[in-house]
Amino acid sequence: MRRQASLEEISDGHLYGLNDMVKADCGGCSGCSACCRGMGNSIVLDPLDVFRLTKNKKISFEELVNGPAQLGMVDGLILPSLRMTGAGEACSFLQEDGRCSVHAFRPGICRIFPLGRYYENGSFSYFLQIHECRKENRTKVKVKKWIDTPEAKRYDQFICDWHYFLEDMEKKAEESGDPAVRKKICMDVLTRFYAAPYEAEDESGFYEEFGRRLKDAKESCL
């Protein structure tokens, strides 16, 4: 989901790579769950997020988007996002004690917070969001350790490939000017990368399978 703000307005002015140190460590959040509430549809799920959630919760994609997640328009495409519920607009996975029930396999946006991603020139860097986290006196931590995901470089490549593929699809849908073409693109992306179950047993296998699906999508001129 694109943000309508300049990097200078929302960051500390630095861009970070996997091996850089950044003041992001919230020390376990100390019971704070502010970033898990009132987020609307902004916690957009990528295919790896859905793979992790459905595999670990032992549910189907349909059960996911009809329960703790939802489908909606994001930058011109239909994509899943976490559902906020109740009077406090809390994430569906937030427990009464303010802790995350899926922390071990939480989505990527949650995983990197309070970092964000800045995309340019076919790649991306991390940046520190300075207005989003209420935790004061955060400590420095290496970005690779903070995002807490296996095969960090491979993960970053997946994020990059997925982002720029979606950009291409959004552009193609917009330039077509045809609602039927836009609908077809939306449904193809949703079916190919989300609804069709992945046969992979682990994340390494997921990357391999995702790569094949991405290659097929590009070759079919999706």
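Described below are features of the structure shown in this document. (Residues numbered from 1 in each chain as written. Predicted model: local features only at pLDDT ≥ 70, side-chain atom pairs only at ≥ 80, totals over all residues. Heavy atoms only, no water.)

**Comments concerning the pattern of salt bridges**
Using the criterion set out here, one finds 9 salt bridges in the structure. R111 is the partner of D148 in a salt bridge, and the nearest nitrogen-oxygen pair spans 3.9 Å. In this pair, D148 sits in the loop between α5 (143-147) and α6 (152-176) while R111 sits in helix α4 (residues 108-112), placing the two residues 37 residues apart along the sequence. Judged by its relative accessible area of 43%, D148 is partly exposed. For R111, a relative accessible area of 3% corresponds to the buried category. R213 is the salt-bridge partner of E209, the closest N and O atoms lying 2.9 Å from each other. Taken as a pair, E209 and R213 lie in helix α8 (residues 203-219) at a separation of 4 residues, close to a single helical turn. (Salt bridge = Lys/Arg side-chain N within 4 Å of Asp/Glu carboxyl O. Helix = DSSP H or I, 4+ residues; strand = E, 2+ residues; numbered from the N terminus. Buried < 20%, exposed > 50% of the residue type's maximum accessible area, 1.4 Å probe, protein only.)

**Considerations on the pairing of strand β7 (residues 123-128)**
The sheet contact formed by strand β6 (residues 115-120) and β7 spans 6 bridges and is antiparallel. Within β7, the residue paired with Y118 across the bridge is S125. Counting the residues in the hairpin turn of β6 and β7 gives 2 residues, including N121, whose phi is positive at 55°. (Pairing = 2+ DSSP bridges.)

**Observations regarding helix α7 (residues 179-195)**
Quick reminder: α-helices carry 3.6 residues per turn. Residues three or four places apart thus point the same way. Buried within α7 are the following residues: I185, C186, V189, L190, F193 and Y194. The arc enclosing the buried residues of α7, seen along the axis, measures out at 125°, which places them on a common side. Facing away from the buried side of α7 by more than 90 degrees, the exposed set consists of A180, K183 and K184. Where α7 is buried, its residues meet α2 (47-57), α3 (61-65), β2 (69-74), β3 (77-82), α6 and α8. Its side-chain oxygen at 2.9 Å from the backbone nitrogen of A180, D178 defines the N-terminal cap of α7. (Arc of directions from axis to C-beta. Contact = heavy atoms within 4.5 Å. Polar contact = N/O pair within 3.5 Å; in protein donor to acceptor, adjacent residues only side chain to side chain.)

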